[in-house]
Amino acid sequence: MCIFCQIINKELPSTIVYEDEQVIAFNDINPSADVHVLIVPKKHIDSIMELEEADEKLAGHLLTVAHKIAKEKNLKGYKLQFNVGKEGGQIIFHLHLHLLGGKVHGQV
Ligand code: AMP
Ligand code: ZN
């Protein structure tokens, strides 16, 4: 089972900042910004490349959750990033959206 599926199943620890039936969001273990949250669908999808039409609602939900978390954290602006595929810098092959706010420390 992939590392994010293990986090979803609470078999691995994480600092959860948001959770509902469809998604979980937790702090990145190696933050690249003051606020660095990963928003992850509970359904295992490898990457954006494997996204299907049936997942459109779920994909949109990731954005709504990102906005919700950003609002809770009083971010006045932020960056949202998907790394797609090895060539796109993706390391963990379970779809996730990076939410980056505050001072950015490095590249995601
Ligand atoms: P990506 O390059 O888009 O695949 O990003 C994967 C991200 O997952 C990186 O920013 C890592 O720091 C983060 N990460 C890896 N393992 C964990 C973990 N156990 N808990 C939280 N974040 C993690
Ligand atoms: Zn997974």
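Check the entry above for the structure.
Attention here is on the structure that accompanies the text. (Residues numbered from 1 in each chain as written. Chains lettered and ligands numbered in written order. Predicted model: local features only at pLDDT ≥ 70, side-chain atom pairs only at ≥ 80, totals over all residues. Heavy atoms only, no water.)

A short note on the coordination of the zinc ion (ligand 2)
Then comes step 1: Note on the zinc ion (ligand 2): its protein donors are C2 (SG), C5 (SG), H44 (ND1) and H94 (ND1). The metal-donor distances range over 2.0 to 2.3 Å.
Then comes step 2: Relative to the metal, the four donor atoms surrounding the zinc ion (ligand 2) lie at angles of 98 to 119°, and the coordination shape comes out tetrahedral.
Then comes step 3: Expressed as a motif, the donor residue spacing for the zinc ion (ligand 2) is C-x2-C-x38-H-x49-H. Note that C5 is positioned in helix α1 (residues 3–8) and H94 in the loop between β4 (78–81) and β5 (97–104), a separation of 89 residues in sequence.
Then comes step 4: Looking at H94, the relative accessible area reads 0%, which means it is buried. (Donors = N, O, S within 2.8 Å, 3.2 Å for Na, K, Ca; no water. Tetrahedral: all angles 85-135°; square planar, octahedral: opposite > 155°, others 65-115°. Helix = DSSP H or I, 4+ residues; strand = E, 2+ residues; numbered from the N terminus. Buried < 20%, exposed > 50% of the residue type's maximum accessible area, 1.4 Å probe, protein only.)

A closer look at the sheet that holds β4
Then comes step 1: What the five strands build is an open sheet, ordered β1-β2-β3-β5-β4; its pairing is antiparallel. In this open sheet, the two edge strands, each paired with only one partner strand, are β1 (16–19) and β4. Going from strand to strand, the sheet's axes swing by 20° on average, the running direction of each strand aside.
Then comes step 2: As judged from the six bridges shared by strand β3 (residues 33–41) and β5, these two strands associate in the antiparallel manner. (Pairing = 2+ DSSP bridges. Axes fitted to C-alpha atoms, helices over the stretch in contact; angles between N-to-C directions.)

A closer look at the nonpolar core
Then comes step 1: In terms of nonpolar packing, the biggest core is built from 17 residues, with V37, I39, I69 and L99 touching the most fellow members.
Then comes step 2: Breaking this core down by element, the ones donating at least two residues are β2 (23–27), β3, α2 (56–72) and β5.
Then comes step 3: Broken down by element, the residue count for this core peaks at six residues, all from α2.
Then comes step 4: Residue contacts for I39: discarding those within four places in its chain leaves I24, A25, L62, V65, A66, I69, L95, H96, L97 and L99.
Then comes step 5: Ranked by size, the runner-up nonpolar core spans seven residues in total, among them F4, I8, F26 and V40. (Core = buried A, V, L, I, M, F, W, Y, C linked by side-chain atoms within 4.5 Å. Contact = heavy atoms within 4.5 Å.)

Quick look at the site of ligand 1
Then comes step 1: The environment of ligand 1 is formed by 16 residues, the closest being D28, I91, I92, H96 and H98.
Then comes step 2: Calculation on ligand 1 without its partners gives an accessible area of 510 Å², and the protein chains cover 85% of this total.
Then comes step 3: At the level of elements, α1 and β2 are the ones that each hand at least two residues to the shell around ligand 1.
Then comes step 4: The element best represented in the shell around ligand 1 is α1, accounting for three residues.
Then comes step 5: A class-by-class count of the residues in the shell around ligand 1 yields eight nonpolar, seven polar and one charged. (Near = heavy atom within 4 Å. Areas by Shrake-Rupley, 256 points an atom, 1.4 Å probe, with all protein chains shown as cover. Nonpolar A, V, L, I, M, F, W, Y, C, P; charged D, E, K, R; others polar.)

Overview of the packing of aromatic side chains
Then comes step 1: Inspection of the entire model under this criterion finds one aromatic pair.
Then comes step 2: For the ring pair F4 and F26, a centre distance of 5.3 Å and an interplane angle of 80° mean the geometry is edge-to-face. Within this pair, whereas F4 is found in helix α1, its partner F26 is found in strand β2, the two being separated by 22 residues in sequence. You'll find F4 and F26 in the same group, each marked buried. (Phe/Tyr/Trp six-rings, centres within 6.5 Å; stacked < 30°, edge-to-face > 60°.)

That is the geometry; function is a separate question.
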